[in-house]
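Each chain is listed here by its residues.
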Amino acid sequence: METLTSHGRAARLGATALGLALLLAGTVVGTDDDFPFGPFRMYSTSNPPNAPAPDTRVEGVDATGAVVSLDQDATGIRRAEIEGQQSRYVADPPRLAEVADAYTERHPDAPDLVEVRIVIRWHGIQGGRPTGRYTDETVVRWEATR
């Protein structure tokens, strides 16, 4: 085994110091987007014990009036991608046409979608336990032009 040179030792100490500085800065002022140096708050926080728990889903209505689940299997779009872009869909509902297009691409023989919506199901929680009650909130809706 060879001895580490003073240049090599200094480079390793500098890289270690830089990594620790980035980790500390990310923890103090960073966000989840600063991975791997951000605090990753999604795992370090929780909802209050009596606050409803959200469950986001995307659904569509086809030309026959049937409600279709537009999950990852149906569209190839992960739920996390939808949730991460939810504010953009709310600001610009026609963007939901992309979800309809993804569905059509995977299901070319299915009836066309005439509506796509993002729905949050708020599950009731009391004392940190589910109550079995829920309410649905449609946060954004796009309707195809006919």
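Whatever comes next refers back to the structure up there.
The model shown is predicted, which means the values in this text are computed figures rather than measured ones. Starting from 1, residues in each chain are numbered consecutively following that chain's sequence as written. Local features are withheld for residues below a pLDDT of 70 in this predicted model, meaning they are given only at 70 or higher, and side-chain atom pairs are given and counted only at 80 or more; totals for whole chains, interfaces and linings count all residues. Only hydrogens and water are set aside when side-chain values are computed; all heavy atoms of the structure are taken into account.

## Describing the overall build of the protein
Helix and strand content of the protein: five helices and four strands. Each helix is a run of DSSP H or I of at least 4 residues and each strand a run of E of at least 2, with the numbering of both proceeding from the N terminus. For the protein, the α and β elements follow one another from N to C terminus as α-β-β-α-α-α-α-β-β. Throughout, the radius of gyration refers to the C-alpha atoms, and the reference size of a globule is 2.2 Å times the residue count to the power 0.38. The globule rule puts the C-alpha radius of gyration for 146 residues at 15 Å, and the 23 Å found for the protein is more than 25% above it. Across its three principal directions, the C-alpha atoms of the protein cover 75 × 45 × 30 Å. Residue contacts follow a heavy-atom distance rule, with two residues in contact if any of their heavy atoms lie within 4.5 Å. Restricting the contact set of the protein to residue pairs at least 6 apart, pairs at least 24 apart contribute 57%. Note on areas: Shrake-Rupley, 1.4 Å probe, and residue coverage restricted to the protein chains presented here. Working note: accessible area of the protein is about 10,300 Å², and carbon and sulfur atoms make up 54% of it. In this charge count, Lys and Arg are treated as positive and Asp and Glu as negative; neither His nor the chain ends contribute. Here the site of a charge means atom NZ of a Lys, CZ of an Arg, CG of an Asp or CD of a Glu. Here the protein contributes 15 positively and 21 negatively charged side chains, and the mean placements of these two sets differ by 8 Å.

## As for the nonpolar core
Soluble globular proteins tend to pack their nonpolar side chains together in the buried interior. Formed by 19 residues in total, the largest nonpolar core has its most connected members in L70, L96, V99 and V116. Every element with two or more residues in this core is listed here: α5 (97–106), β3 (113–126) and β4 (129–143). Not counting chain neighbours up to four residues away, the residues in contact with V116 comprise V58, E59, G60, L70, L96, V99, A100, V140, R141 and W142. Only buried Ala, Val, Leu, Ile, Met, Phe, Trp, Tyr and Cys residues count toward a nonpolar core, and they belong to the same one when joined by side-chain atoms within 4.5 Å. Relative accessible area decides the class of each residue, using a 1.4 Å probe on protein chains only: under 20% of the type maximum gives buried, over 50% gives exposed, and in between gives partly exposed.

## Notes on the pattern of salt bridges
The term salt bridge refers to a side-chain nitrogen of Lys or Arg lying within 4 Å of a carboxyl oxygen of Asp or Glu. For the structure shown, the criterion picks out nine salt bridges. Note that R141 is salt-bridged to E115, the shortest N-O span being 2.5 Å. Residue R141 is found in strand β4, and its partner E115 is found in strand β3; the two are separated by 26 residues along the sequence. Classification of R141 as partly exposed rests on a relative accessible area of 41%. Salt bridges sharing common partners tie together R57, E59, E115, R117, R121, D136 and R141.

## Some words on the sheet that holds β4
Here a strand pair is declared whenever DSSP counts at least two bridges between the two strands. Pairing is antiparallel across the open sheet formed by four strands, whose spatial order is β2-β1-β3-β4. Only two strands of the sheet have a single partner each, and these edge strands are β2 (67–69) and β4. Between one strand axis and the next, the sheet turns by 35 degrees as a mean value, whatever way the strands run. Helix axes are fitted to C-alpha atoms over the stretch in contact, other axes to C-alpha atoms as well, and angles between N-to-C directions run from 0 to 180 degrees. Contacting β1 (53–62), β2, β3 and β4, α5 crosses the sheet at an angle of about 105 degrees to β3.

## Some words on the packing of aromatic side chains
Between two aromatic rings, the relevant description is the distance of the centres plus the angle of the planes. Ring pairs are drawn from Phe, Tyr and Trp, using the six-membered ring of Trp, whenever the two centres fall within 6.5 Å, and their geometry is named by plane angle: stacked under 30 degrees, edge-to-face over 60, tilted for the rest. Tallied over the entire structure, the rule returns zero aromatic pairs. The criterion for a charge sitting over a ring is simple: Lys NZ or Arg CZ within 6 Å of the ring centre, and within 35 degrees of the ring normal. A cation over a ring is seen here: R95 above Y89, with NZ or CZ 5.0 Å from the ring centre. Of note, R121 hangs over the ring of Y134, and the distance from its end group to the ring centre comes to 3.8 Å.

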